[in-house]
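Chain by chain, the residues run as shown.
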Amino acid sequence: MVVLNRIYTRSGDKGTTRLATGAPRSKSDLRVEAYGTVDEANACVGLARLHTEADLDAMLARIQNDLFDLGADLATPEEPDKKPGRVSLRIVETQVTRLEHEIDALNAQLSPLTSFVLPGGSPAAAALHLARTVCRRAERVMVALARKEGEIVGADALKFVNRLSDFLFVAARFANDAGAKDVLWTPGQNR
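Report follows, based on the coordinates. Source: prediction; values computed, not measured.

Turning our attention to helix α3 (residues 93-107). Spanning 15 residues, α3 covers 21 Å between terminal C-alpha atoms, matching the ideal 21 Å at 1.5 Å per step. Looking only at α3, the buried set comprises Gln95, Val96, Leu99, Glu102, Ile103 and Leu106. Each buried residue of α3 sits inside an arc of 125° when the element is viewed along its axis, so together they form one side. Relative to its buried face, α3 has exposed residues pointing more than 90 degrees away, namely Thr94, His101 and Asp104. Taken together, the buried residues of α3 touch α2 (54-75) and α5 (155-175).

Here's what the structure looks like:
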């Protein structure tokens, strides 16, 4: 259980923060950028939920919780000399698989695309597209972090964030009256 009695500590006033392990990092560190961007994506999903109902809202609620799991995963780097008995929260394959099933279930209700989709249509769809783009940014930062010497990002975490952006795209189409209200791109329309 997490207990937060004090919100400000002043410890970050000089541009540093601490990971879940207690290790200090610059606030501009790629790992901090990664879990900060995941947090931003979570806020966008919360905004989208203001416009969703029923099954889609329940899916998004689960995703918000999973995004906190992902943030915890990223904030707790894998340590080769980890103390015995210490268990870190990690994204696992079942979370990825659940997203895939939900993508398939929503996508089965959509007509095939005939063009690229512009972000918009309904308020829910616009917010879901915003969440998708922030999720893609989180993925780019996580990939950069994973490629940095001495840093580890779990394979399931990378799969999850990749699948999540796919889910958010399909969910945006679903929120647009199962794609009927999608705003389609017309190449060169304003030339």
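The interhelical angle for the contact between α3 and α5, taken along N-to-C directions, is 20°, at an axis separation of 9 Å. Viewed along their axes, α3 and α5 adopt a mutual orientation that is roughly parallel. When the axes of α3 and α5 are compared, the crossing they make is left-handed. Here Glu93, Gln95, Val96, Leu99, Glu100, Glu102, Ile103, Leu106 and Asn107 of α3 come into contact with α5, specifically with Asp156, Lys159, Phe160, Arg163, Leu164, Asp166, Phe167, Val170, Ala171 and Phe174. When the residues that make up the contact of α3 with α5 are grouped by side-chain class, the tally is ten nonpolar, two polar and seven charged.

Thresholds, definitions, all that
Sequence order as written defines the numbering, with residues in each chain counted from 1. Restriction of local features to residues with pLDDT of at least 70 applies here, the model being predicted, together with a cutoff of 80 or more for giving and counting side-chain atom pairs; totals for whole chains, interfaces and linings are based on all residues. Side-chain numbers here rest on the full set of heavy atoms in the structure, without hydrogens or water. Numbering of helices and strands starts at the N terminus; helices are DSSP runs of H or I of at least 4 residues and strands are runs of E of at least 2. To estimate the expected span of a helix, count its residues, drop one, and scale the result by 1.5 Å. Summary of the burial criterion: residues with accessible area below 20% of their type's maximum are buried, those above 50% are exposed, and those between are partly exposed, where the area comes from a 1.4 Å probe applied to protein chains only. In this context, the arc is that of the directions from the helix axis out to the C-beta atoms. By definition, residues are in contact when any of their heavy atoms lie within 4.5 Å. Every axis in this analysis is a line fitted to C-alpha atoms, fitted for helices over the stretch in contact. Angles between the N-to-C directions lie between 0 and 180 degrees. Working rule for angles: under 35 degrees goes down as roughly parallel, over 145 as roughly antiparallel, 65 to 115 as roughly perpendicular, anything else as oblique. By definition, turning the near helix anticlockwise from the far helix through less than a right angle yields a left-handed crossing, and turning it clockwise yields a right-handed one. Amino acids are sorted into nonpolar (Ala, Val, Leu, Ile, Met, Phe, Trp, Tyr, Cys and Pro), charged (Asp, Glu, Lys and Arg) and polar (every other residue, Gly among them).

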